[in-house]
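Listed below, chain by chain, are the residues.
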Amino acid sequence: MASVENAAAPTRPDTTNETKTKKGVFGKAFASLKNKYVARHAKTDVEKKYKLGRELGTGNFAVVKLGTKRSCGTKYAVKIIDKALCAGKDDMIEMELAVLRQASHPHIVGMHEHFDTPSHLYLVLDYVEGGELFDRIVDEGNFTEQDASRITKQMTEAIQYLHDRKIVHRDLKPENLLFASKDNTDRILVTDFGLAKLIDDQTTLMTACGTPNYVAPEILLQKGYGKEVDVWSLGVILYILLCGYPPFYDESDAVLFEMIMKGKFDFDERYWRDVSKEAKSLIRNMLIVDPAKRLSTQQVLSHPWITGITDLPNVNLSKSISTNLKKHFSYVTPQVKSPEQPKVATTRTTTTTTTTAAVTTKVATVPEAAVPAPTARASAPIGTAV
Ligand code: ADE
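Each value, and the rule that gives it
Residues numbered from 1 in each chain as written. Predicted model: local features only at pLDDT ≥ 70, side-chain atom pairs only at ≥ 80, totals over all residues. Helix = DSSP H or I, 4+ residues; strand = E, 2+ residues; numbered from the N terminus. Buried ≥ 20, exposed ≤ 12 C-beta atoms within 10 Å, placed from the backbone. Contact = placed C-beta atoms within 7 Å. Axes fitted to C-alpha atoms, helices over the stretch in contact; angles between N-to-C directions. Parallel < 35°, antiparallel > 145°, perpendicular 65-115°, else oblique. Left-handed = near helix turned anticlockwise from the far one by under 90°. Nonpolar A, V, L, I, M, F, W, Y, C, P; charged D, E, K, R; others polar. Core = buried A, V, L, I, M, F, W, Y, C linked by C-beta atoms within 7 Å. Pairing = 2+ DSSP bridges. pLDDT = per-residue confidence, 0-100. Arc of directions from axis to C-beta. Expected span 1.5 Å × (residues − 1).

**Let's talk about the overall build of the protein chain**
- A tally of regular secondary structure across the protein chain gives 13 helices and twelve strands.
- By residue count, 45% of the 386 residues in the protein chain fall in the buried class.
- Across the protein chain, every contact between residues at least 6 apart in sequence was considered, and the portion connecting residues at least 24 apart equals 74%.

Below is the structure:
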């Protein structure tokens with residue numbers, strides 16, 4: 001099930017220590033929005049126009065419901081943000097609205113309209129029916145590096161689009177990546193801009209936020225950070241896409257954050273022997289602790305593992321990835337449930353001693369058990385490592 005827990009998480013620290021530079025197209029949109037940000041709708045306006053149905057996802061301060069437009073029957077995902085629960089965090093709501101109003105990209109969820117009532121903000125979003133990234137990978141019987149490369153390219157293009165417009169997403173994680181269609185995995189869309197922030201080259205963000213497994217080391221170090229944090233998160237997602245477990249993991253967030261700040265991870269041969277050296281090279285260069293040395297979105301898109309997609313190994317990695325995903329991510333719920341694998345979603349909300357970060361995640365089990373040995377490697381590596 002889609003999660004919107006980061007729509008306005010109560011655990012998020014206050015944002016007042018951030019430099020707020022509002023420049024460019026999004027900056028102007030943001031500035032004008034600030035003046036206009038007064039409730040001007042009633043709940044009945046929404047209900048007159050949309051029939052609100054089943055819940056698509058829930059979070060601390062928001063719920064996403066299926067909305068059917070009464071006039072034409074078109075389905076939407078209506079994100080309902082409870083203003084009372086995010087009092088004092090107006091900037092966050094405004095930013096999410098500003099990004100959604102301006103963004104128009106094939107890999108970013110679009111907004112149809114919004115309703116601002118005294119108590120709630122209703123965002124009428126494109127209904128993305130294909131489900132969450134990891135759920136679908138578990139369901140797919142076939143998943144190759146070519147699929148992972150295509151998905152990574154699309155996610156990176158979406159983030160490059162945001163970065164070009166001075167926006168940092170800051171909460172990239174598999175729950176915020178949805179497939180457009182149930183029938184195929186051809187198109188993925190990035191959603192949830194509840195933590196997005198405007199930034200320019202001079203702007204340094206300070207707020208510790210994100211989701212533990214995907215959070216970049218510079219956020220934890222609290223010396224300021226920028227758009228590079230999104231590439232780190234994409235690197236973590238890519239790593240998981242190819243093996244089914246995270247590069248950094250510990251039950252204790254304090255230990256996990258130490259691991260992330262050291263940037264120490266490996267490619268365990270048991271799970272990585274069928275994966276090309278180009279994929280590993282790309283991951284290594286996305287998970288560089290020093291943000292200045294980390295690849296930019298443009299460099300990711302120019303990497304041979306992305307540009308040379310047709311030459312990539314065609315080995316079906318699905319079995320071991322799915323086994324690991326089901327083992328390490330308790331919320332992954334296959335459409336066809338296997339009776340021996342009942343899943344209980346566990347949500348972990350943590351504040352650590354190493355940082356002031358207070359973050360929410362859904363991770364349950366420790367990666368350890370062996371996965372059946374993958375079969376032979378299909379093709380020789382391509383290209384040169386960056
Ligand atoms: N869950 C959260 N956002 C969604 C969307 N846009 N479409 C479908 N499910 C969702």
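**Quick look at the packing of helix α7 (residues 228-243) against helix α10 (residues 277-286)**
- Close contact between α7 and α10 brings their axes to 8 Å; oriented N to C, the two are set at 150 degrees. In terms of orientation, α7 and α10 fall into the roughly antiparallel class. Regarding α7 and α10, the two cross each other, and that crossing is left-handed. For the pair α7 and α10, contact is made by Val-231, Trp-232, Leu-234, Gly-235, Leu-238, Tyr-239 and Leu-242 and by Ala-279, Ile-283 and Met-286, respectively.
- Residue classes in the contact of α7 with α10 are distributed as nine nonpolar, one polar and no charged.

**Considerations on the nonpolar core**
- Ranked by internal contacts, the top residues of the largest apolar core, which has 98 residues, are Leu-238, Leu-242 and Met-286.
- Ranked by residue count, the leading element in this core is α7, at twelve residues.
- Not counting residues within four places of it along the chain, the set of residues in contact with Met-286 comprises Val-231, Trp-232, Leu-234, Gly-235, Leu-238, Arg-294, Leu-295 and Val-300.

**Focus: the pairing of strand β5 (residues 111-116)**
- Pairing between β5 and strand β6 (residues 120-126): five bridges, direction antiparallel. When the sheet's bridge partners are listed, Met-111 is paired in β6 with Leu-125.
- Here β5 folds back onto β6, and the loop between the two strands holds three residues.

**What about the packing of helix α5 (residues 145-164) against α7?**
- Contact pair α5 / α7: the axes reach a minimum separation of 11 Å and the direction vectors enclose 165 degrees. What the angle tells us is that α5 and α7 run roughly antiparallel. Remark: the crossing between α5 and α7 carries right-handed chirality. Taking contact as the criterion, the partners of Ala-148, Ile-151, Thr-152, Met-155, Thr-156 and Ile-159 in α5 are, on α7, Asp-230, Leu-234, Leu-238, Leu-241 and Leu-242.
- Residues belonging to the contact of α5 with α7 are distributed by class as follows: eight nonpolar, two polar and one charged.

**As for the confidence of the model for the protein chain**
- Looking at the protein chain, the pLDDT average stands at 80 and 76% of residues meet or exceed 70.
- Counting contacts from residues 1-22, a segment whose pLDDT is below 50, to residues more than four positions away or on other chains yields 76 contacts.
- Low pLDDT, under 50, characterises residues 336-386; the predicted model gives this stretch 111 contacts beyond four residues in sequence or across chains.

**Concerning the environment of Pro-304**
- Residue position: Pro-304 is located in helix α12 (residues 304-307).
- A residue is classified by how many C-beta atoms lie within 10 Å of it, and Pro-304, with 20 of them, is buried.
- Measuring from C-alpha to C-alpha, the distance between Pro-304 and Leu-282 comes to 8.6 Å, with 22 residues separating the pair along the chain.

**Notes on the environment of Val-109**
- Mapping Val-109 onto the fold places it in the loop between α3 (90-102) and β5.
- When the C-alpha positions of Val-109 and Ile-188 are compared, they lie 9.4 Å apart, and in sequence the two are 79 residues distant.
- Dropping the residues within four chain positions of it, Val-109 is found in contact with Leu-125, Asp-126, Val-128, Leu-189, Val-190 and Thr-191.

**Comments concerning helix α8 (residues 253-262)**
- Within α8, the full set of buried residues consists of Asp-253, Leu-256, Phe-257 and Ile-260. What you see down the axis of α8 is that its buried residues fit within an arc of 95 degrees, all on one side. Away from the buried face of α8 by more than 90 degrees, exposed residues Ala-254 and Lys-262 are located.
- Just downstream of α8 lies Gly-263, where phi reads positive at about 65 degrees.

**A look at the pairing of strand β2 (residues 50-58)**
- For β2 and strand β3 (residues 62-69), the ladder comprises six bridges, and the chain directions are antiparallel. Residue pairing for β3: Thr-58 is matched across the bridge by Val-63.
- Hairpin remark: β2 followed by β3, antiparallel, with three residues in the connecting loop.

**A short note on unusual backbone geometry**
- Of note in this structure, Lys-166 is not a glycine but carries a positive phi near 65 degrees.
- Among the structural elements, Lys-166 can be located in the loop between α5 and β7 (167-168).
- Accessibility expressed as a C-beta count within 10 Å gives 20 for Lys-166, which makes it buried.
- Here the phi dihedral of Gln-222 falls at roughly 60 degrees; this positive angle occurs in a residue that is not glycine.

**Some details on α3**
- For α3, built from 13 residues, the straight-helix expectation of 18 Å at 1.5 Å per residue is met to within 8% by its first-to-last C-alpha distance of 18 Å.
- Three or more residues of α3 are buried, namely Met-92, Ile-93, Met-95, Glu-96, Leu-97, Ala-98, Val-99 and Leu-100.

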